[in-house]
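# Report on the structure
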Amino acid sequence: MKLIDGKAVAAQIKQEIADEVAAIKEAGGKTPHLAAILIGHDGGSETYVAHKVKACNECGFKSTLIRMDEDTTEEQLLEMVDKLNKDEDVDGFIVQLPLPKHISEQKVIEAIDYRKDVDGFHPVNVGRMSIGLPCFVSATPAGIMELIKRYDIDTKGKHCVVLGRSNIVGKPVATLMSQKATPGNATVTICHSASANLKEMCLQADIIIAALGVPEFLKADMVKEGAVVIDVGTTRVPSETSKTGFRLCGDVKFDEVAPKCSYITPVPGGVGPMTICSLMKNTLLAGKKAIYS
Ligand code: GUN
């Protein structure tokens, strides 16, 4: 069994980005600028955004964090989105999800200029990704594909089971894994909460991407010997031994599943760090106007 070290790969990629940004600056080019809108004080969102700002610093980017109150109206948020769309210094921006219940996430996502949508959530980017055109690919699926690539894992003709059908992870990663590309070219099955024979599907899988958000859902008796397991779960569960009072728990029962795998990602330190570094990659592309002019 080989442990996929997302933390190490992410550090390497951030260094590659930082080197490129230093060269851009030296040549008199523009410093890439990422803005993030954070509404309210959700603990998870606070942590994620803090990590994104830190990663911007590591890459040599400019970053702007815009905090808005929990009771911000949809109209006020749409005004802020419009302001960032028009701000020529901002190359890309994100609105951290989830949003408070009174705001329509879809409306907000569609209000973002797709050319600045470094999260890759806008329907233009999702659509372009699904037909293989240059676009901003959302960060978690892009991070998963990058890990598979850097570990030289063979996906061609393999059976990949994706657990979960979210717009952010399940659907896009299933699309990328099925595309005629390397990595990709796999036979993909998407399983979800209504799937009848989920265990049988998993037992047929060469690659399992677990993205349901159910802690320790995937057990050893659902995994065939030699499978590749990618764990996207990041549920916060209470922990008495942690300083913060919680720990991150994946969708895979790691201790019993790992011995059966050829490769497996840990939680934390697997997909998580890659997600942030994919956002940095998209920001660099936005800064260079490499996808949309
Ligand atoms: N919430 C959880 N993951 C993400 C992400 O990738 N981007 C944004 N904007 N919000 C999130």
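Now for a quick tour of the structure. (Residues numbered from 1 in each chain as written. Predicted model: local features only at pLDDT ≥ 70, side-chain atom pairs only at ≥ 80, totals over all residues. Heavy atoms only, no water.)

### A short note on the side chain of Asp119
The line we're drawing: Under the DSSP-based scheme used, a helix requires at least four consecutive residues in state H or I and a strand at least two consecutive residues in state E, with every element numbered from the N terminus. Here the term buried applies to any residue with accessible area under 20% of the maximum for its type, exposed to any over 50%, and partly exposed to those in between, with areas from a 1.4 Å probe on protein chains only. All tallies of charge rest on Lys and Arg as positive and Asp and Glu as negative; His and the ends of each chain are not included. Any carboxyl oxygen of Asp or Glu that lies within 4 Å of a side-chain nitrogen of Lys or Arg is treated as forming a salt bridge with it.
Along the chain, the position of Asp119 falls in the loop between α4 (105-111) and α5 (123-130). There is no salt bridge for the buried Asp119, and the closest opposite charge comes from Lys52, which lies 5.0 Å off by N-O distance.

### Observations concerning the nonpolar core
Cut-off, in case you're wondering: Only buried residues count toward a nonpolar core. Its members are Ala, Val, Leu, Ile, Met, Phe, Trp, Tyr and Cys residues joined through side-chain atoms within 4.5 Å. It only takes one pair of heavy atoms within 4.5 Å for two residues to be counted as in contact.
Ile144, Ile209, Ile230 and Met280 are the most contacted members of the largest nonpolar core, which totals 50 residues. In terms of residue count, the dominant contributor to this core is helix α10 (residues 271-287) (8 residues). Once you skip the residues sitting within four places of it in the chain, Ile230 turns out to touch Ile4, Ile144, Ile148, Ile208, Ile209, Ala210, Thr265 and Val271. Among the nonpolar cores identified, the runner-up in size contains 19 residues, and Leu84, Leu97, Val108 and Phe121 belong to it.

### Side note on the sheet that holds strand β7 (residues 207-210)
Strands in a sheet are paired, the pairing made by backbone hydrogen bonds, and the direction either parallel or antiparallel. Going by this rule: Only strands joined by at least two bridges in the DSSP assignment are considered to pair.
As summarised here, the arrangement of the 6 strands in space is β1-β11-β8-β7-β5-β6, forming an open sheet in which the pairing is parallel. Only two strands of the sheet have a single partner each, and these edge strands are β1 (2-3) and β6 (187-191). Where β1 meets strand β11 (residues 263-264), 2 bridges bridge the pair, whose relative direction is parallel. The partner of Lys2 across the bridge, within β11, is Tyr263.

### What about the site of the ligand?
Our working definition: Residues are labelled near a given molecule or strand when at least one of their non-hydrogen atoms is within 4 Å of it. For this analysis, a polar contact is any N or O atom pair within 3.5 Å, provided that within protein one partner can donate a hydrogen and the other can accept it, and provided that sequence-adjacent residues contribute only side-chain to side-chain pairs. Here the accessible surface of atoms and residues is derived via Shrake-Rupley with a 1.4 Å probe, and residues count as covered only by protein chains that are part of the display. Asp, Glu, Lys and Arg are counted as charged, while Ala, Val, Leu, Ile, Met, Phe, Trp, Tyr, Cys and Pro are counted as nonpolar; the rest, among them Gly, fall into the polar class.
Lining the immediate environment of the ligand, one finds Lys52, Val95, Gln96, Leu97, Asp119 and Phe121. Between a nitrogen atom of the ligand and a main-chain N or O atom of Leu97, the distance comes to 2.9 Å. In this structure, Asp119 approaches the ligand through a side-chain N or O atom, which is 2.6 Å from a nitrogen atom. Protein coverage of the free-state accessible area of the ligand, which is 280 Å², stands at 81%. Of the residues in the shell around the ligand, the class split is 3 nonpolar, 1 polar and 2 charged.

Read these as geometric descriptors, not functional statements.
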